[in-house]
Structure formats: C-alpha cells, structure tokens
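Report on the structure
Okay, here's what each chain looks like letter by letter:
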Amino acid sequence: MTTDKLSEHLPGYQAYLDNTRLSPLTKKAYLSGLKLFISYVHDCSLEDLPPAQLLEWHAFLAKSKRSYSTSNQKRAALRKFLEYCEEFQASDQAVKLLRALDRLQAPGDKRPKREPHVLERIDVLRMLSRAGLHVLSGARDVAVLQFLWATGVRRAEVASLLRDNVDLEQRVATVVGKGDKERVVVFDQECRDDLALWLEIREESWPKREGVDTFFITIDGYQMQPANVSTIVTNCAREAGLKGEVWAHLFRHSALTRLLDNGIAIQDVAKLAGHENIKTTARYHHVEEGRLKELYDRATAKRRSNSTAAFQTEPGA
C-alpha cells in the first residue's frame, strides 16, 4: 500500500505515457488532465481517494464550459493513470477505482449534430486538384487526402503514421488507433502512386530532423499533429468551393460508407476501421440504408411512370 500523494506519481506516469504509441498531443493532454484532477482532489494519496469522488469529478466536468470531447479526454486521462497504477504500482485501490469508473456513464454530447452526409468522388477530385496547386506542400497534401479517402483512418492516425509502417509495394499500412492498438489498412493503386510521389519529393527537398520517423511531416520537418491534417482538409475544401462543412472525420465517414455500399461485409469494415464493437460500424450502415431507400424510391417511381404511360397508350384507354 502506498500513501504517496498523487503528484508524486507524475514522473512515473509521464514515463509510462512516453513509452506508449499515443500521439505527442494526446500524451500532453493526458498529463494536463491528470494535473487538473490532482488539483481538484487537493493532491491526496491514491488510498485516500474514495470512489464517490470520481462521481463528483464527472459532474464537475459535465458542468464546466469545456467541450464534450475535452471533458471526455480528461476522463480518459484519469483512467490511463489508474491503469498505470494498477500495472506498475500493483495498487488494489486503483483496481477498485477503475471498477467505479466503469459504472459511471459519461453525459451525452449536447453539441448540435453535423448533418450526416458523405463526400462523393467528384468532391474529392476537386479537393485534390486544389491541393496539387499548393506551392510547397502540394505533393504532401494530395497524399494526405488520398490516404484519408482510401483508408478511412482517423486524423490522429494519419499524423502518427510511421514511415516504416507503410508498404507501398503491398499497398498496406499499419496505423496506431485508439487505445494504442495497431491495425492494418489497405489502399488502392492511385493512393499508392501519390504516396510514392510524396515520399520521393520529401527525400529530395524537404528538411530532415533527427528523431522524426513519421510518414507525413510539416513544412519545417517535424511530425504533423491532428490539427495539421484538419487544416489541410478544410483549406482544400474551401479552395475547391465545396458547399457545406467538410472536416477530416467526414473522409472516414465517407470511406467506411463506401466500403459498405460496395458490398464488403460489416465485420470486415469494422476490422479495417478499428472498431471493437460492430455497433459502431453499424452507424455507417444506416447511411447505406438511407441511400438504398433513395435508389429504391427512384426506381419504383420510374416503374410507376412507365406503367402509367403504357396503360394510357393501350387501345380503348
């Protein structure tokens, strides 16, 4: 049993995070989230932390002016810390608190929902044409858009993609998703060609920084952040004159919907997407059903129209 204050665990927790494959931005957010929690509970020891205080912490975050995603990230930071204490401190109290967390339900997202829609190929082609005109970053931006469109990966997975984890010959890449879990994604020949072109141009003219081993980098040679991926998407969509909001996750939404539309089994799509629960993938299936209904209505309306025309031309009609 340890009576160390929570703040005394920070160096060990930071070392634990540094040895995960989480993105630098997530590591920083987790450390910041834990510090906020420590301040909230007045830096008590882990053994003196009652499970009821976790409920108060959830309520505190729910009432704060933080966004839904930011509050959830701070909840995740606490969970990651307790997992660290359970694994490396052999803390029975951490186990109890993790069980308590499992019984807590995060409040629903109160943000207005974005209009559900998918990108069409013509939209992506327009964005690609604009990306290719970017003076310094054209090849990279085209490659980023193609990779998003072909694989449906998350923006953080694009930013943290390691160069050695991309096999251009086999057209596969290994990405690190939520929970530090690896999975393999597949891309098409067109995407492969744009990735190869970007890699060639990067080798020839982009700055090289020691320790930077990601596939995509910033103009000054450092690892990209998820926000950089979002900026590429939103800028290209605006330059292409696309109507409606276009954001990075819309590429994922569109790619997974396209796979389902083309007949790939939902279990296989879930594997490609990195979904642990197939119900998550099923949300994209609803979009497919909506489009099928639209096609059905068009087809039946056409048949009714043809039947009516045939009836009106019959003798004696």
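Above this text is the structure in question.
Description of the structure in this document. (Residues numbered from 1 in each chain as written. Predicted model: local features only at pLDDT ≥ 70, side-chain atom pairs only at ≥ 80, totals over all residues. Heavy atoms only, no water.)

Topic: the pairing of strand 2 (residues 172–176)
The test is simple: Paired strands, in this sense, are two strands between which DSSP finds at least two bridges. Numbering of helices and strands runs from the N terminus, with a helix taken as a DSSP run of H or I at least four residues long and a strand as a DSSP run of E at least two residues long.
Relative to strand 2, strand 1 (residues 166–167) runs antiparallel, the two sharing 2 bridges. Its bridge partner lying in strand 2, Val-166 is registered against Ala-173. In textbook terms, the turn of a hairpin is the stretch between consecutive antiparallel strands, and for strand 1 and strand 2 this stretch comprises 4 residues, one of which, Arg-171, has a positive phi near 60 degrees. Pairing analysis gives 5 bridges linking strand 2 to strand 3 (residues 182–186), with the strands arranged antiparallel. Bridging across to strand 3, Ala-173 finds its partner in Val-185. The hairpin formed by strand 2 and strand 3 contains 5 residues between the paired strands, and Gly-179 there has a positive phi angle of roughly 70 degrees.

Description of the sheet that holds strand 3
Test applied: Here, residues are in contact when the closest pair of their heavy atoms is within 4.5 Å. Angles here are taken between N-to-C directions and fall from 0 to 180 degrees, while the axes themselves are lines fitted to C-alpha atoms, restricted in helices to the stretch in contact.
Overall, antiparallel pairing links the 3 strands, which are arranged 1-2-3 in an open sheet. A strand with exactly one partner marks an edge of an open sheet, and here the two such strands are strand 1 and strand 3. Strands in contact with helix 7 (residues 138–151) are strand 2 and strand 3; relative to strand 3, the strand with the most contacts, it is inclined by about 100 degrees.

Looking at the pattern of salt bridges
Definition in use: Salt bridge criterion: a side-chain nitrogen from Lys or Arg within 4 Å of a carboxyl oxygen from Asp or Glu. Working definition: with a 1.4 Å probe on protein chains only, accessible area under 20% of the residue-type maximum means buried, over 50% means exposed, and in between means partly exposed.
By the definition in use, this model includes 7 salt bridges. In this structure, Arg-140 engages Asp-141 in a salt bridge whose closest nitrogen and oxygen atoms are separated by 2.9 Å. Ionic pairing is found between Arg-154 and Glu-157, a salt bridge with its closest N-O pair at 2.5 Å. Each member of the pair, Arg-154 as well as Glu-157, carries the same accessibility label: buried.

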